[in-house]
Amino acid sequence: MTNNKVTVLIPTFNRSGFLVESIESILAQTWPVDKIIVINDGSTDDTLEVLKAYEGRVEILSKPNGGKASALNAALAMVSEGLVWIFDDDDLALPGGLEALMTLLANDPSANMAYGRHERFTVDAAGAIRILGDGYWRDCESDEFLAATLEDMFAHQPGMIVRKELYDLAGPFDETLVRSQDYDMLIRLARVATPASTEEYIFQQRIHDGMRGTQENQLDAKAMSSSWAQFDRIIFRNIYPQLKLSEYLAKGKQVDNPASKRHALIRRSAVMARKKLWSHAMDDLRTAAATTDAPLTHSEVTALRGALASKYGCDEILQDAKLVDQLCQLATSSATGSQIVAAMARGLRWRVRSALFSEKRWNSVRYFLLMSRLGKASSMFAKSQQPEMSASMKPFQKVDRS
């Protein structure tokens, strides 16, 4: 019989005030949890004192400070089976969140993880809650979950439950990662998971200025984006040689002909571009352009348009003249190369518009000029083929015999 007991793991470090709210939101679930384990990761505030109020309802595992990954590895070792819900110590579970996830698993016995949406909120100095809108969400079929996750993270630990055996298959959290350790784990889970998803909101993600990381490696809120980008590059630099090319396609699809090979190469190149690993991206784009001359598919064009849509921005393409030269060379190398760069250029339209409303408005003009340059380079290949086409048609032109 399937074990559906739910164990909640809450790693915490010096967030006693937020922690109480998180625990209360778990205890208020319409589907009761079976066990809550709070991992006190060497807190120096009053965390242990406030946890006394939950004696008998919450188990406490205290350890020296080592970061979120080490805290979760220690707690996972205490769970033998059932379902695991990893929850952050500064977020709030919506009352029906767990019930929505459990319903997903009940309706799909083949699923070994379930996830849903979240919204973001902040609390001002007066204590008023302000909802900031939905967190990033990607509606995708189960067989596209890995490919979509590689592009960007949209399933978050507080919004999903996972069978313990799936964590056993994925292996422990990487304790060398100060940030993005949850993204690294999600990718490994996605490789072996059969997920089920819902459009329902599972939790609220708190946006605040508190410190992140470990006691020795602390990061403030302003450095979050740059630190995420840094550690994402580390993760994907390791992933590039590890994942099979076919894993960038829908689950079960194989790279068994030129069309599927090009499709996988283009999707991988777009992922690497979004993670700012441009040397890998360019290698894949060149190989893709030489694989087949068939027109790009809608899916390939969509992936290429998203190559420059990283949530961390893509200012590097404005600063790296050699990279732009490489793209222009690709655009003039073949018909497929021309189509590839043209699709990427069209993807810059969003950058042009969004930069207008940012602190770097001048970048709007720079992105527009770059878009125009790449578009012009793409059209040059077609123009270079026109003389050959005209010459080939001469024997068939009407001859004036008057």
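Residues numbered from 1 in each chain as written. Predicted model: local features only at pLDDT ≥ 70, side-chain atom pairs only at ≥ 80, totals over all residues. Heavy atoms only, no water.

Draft legend 1. Examining the packing of aromatic side chains more closely. As enumerated under the stated definition, the model contains 9 aromatic pairs in all. Note on Trp85 and Phe87: the rings are 5.5 Å apart at their centroids and 85° apart in plane angle, and the pair reads as edge-to-face. In this structure an aromatic cluster arises from ring pairing among Tyr115, Trp137, Phe145 and Phe154. (Phe/Tyr/Trp six-rings, centres within 6.5 Å; stacked < 30°, edge-to-face > 60°.)

Draft legend 2. Region of interest: empty space enclosed by the protein. Counted according to the given criterion, the structure contains 1 cavity of 30 Å³ or more. As a volume, the largest cavity reaches approximately 30 Å³. As for the largest cavity, its lining consists of Glu151, Asp152, Arg274, Lys275, Ser310, Lys311 and Tyr312. For the lining of the largest cavity, the class distribution of residues is 1 nonpolar, 1 polar and 5 charged. (1 Å grid on protein atoms, 1.4 Å probe; cavity = no way out; pocket = protein on both sides within 12 Å on 5 of 7 lines; lining within 4 Å. Points joined across faces, edges and corners; volume = space filled by probe spheres on them. Nonpolar A, V, L, I, M, F, W, Y, C, P; charged D, E, K, R; others polar.)

Draft legend 3. Looking closely at the layout of surface pockets. In this model, the second largest pocket occupies a volume close to 360 Å³. Considering the residues around the second largest pocket, the lining is formed by Tyr312, Gly313, Cys314, Asp315, Arg351, Ser354, Ala355, Ser358, Glu359, Lys360, Asn363 and Tyr367. For the lining of the second largest pocket, the elements supplying multiple residues, two or more each, are helix 15 (349-356) and helix 16 (362-393). Per-element accounting of the lining of the second largest pocket gives the leading share, 3 residues, to helix 15. Here the residues of the lining of the second largest pocket are counted per class, giving 4 nonpolar, 4 polar and 4 charged. (Helix = DSSP H or I, 4+ residues; strand = E, 2+ residues; numbered from the N terminus.)

Draft legend 4. View of the pairing of strand 4 (residues 83-86). The alternating pattern of strand 4 places Leu83 and Trp85 and Val84 and Ile86 on opposite faces, both of which are buried. By the bridge criterion, 4 bridges tie strand 1 (residues 6-12) to strand 4 in an arrangement that is parallel. The partner of Leu9 across the bridge, within strand 4, is Ile86. As judged from the 2 bridges shared by strand 4 and strand 8 (residues 160-163), these two strands associate in the antiparallel manner. Each bridged residue has a counterpart across the sheet, and for Val84 the counterpart in strand 8 is Val162. (Buried < 20%, exposed > 50% of the residue type's maximum accessible area, 1.4 Å probe, protein only. Pairing = 2+ DSSP bridges.)

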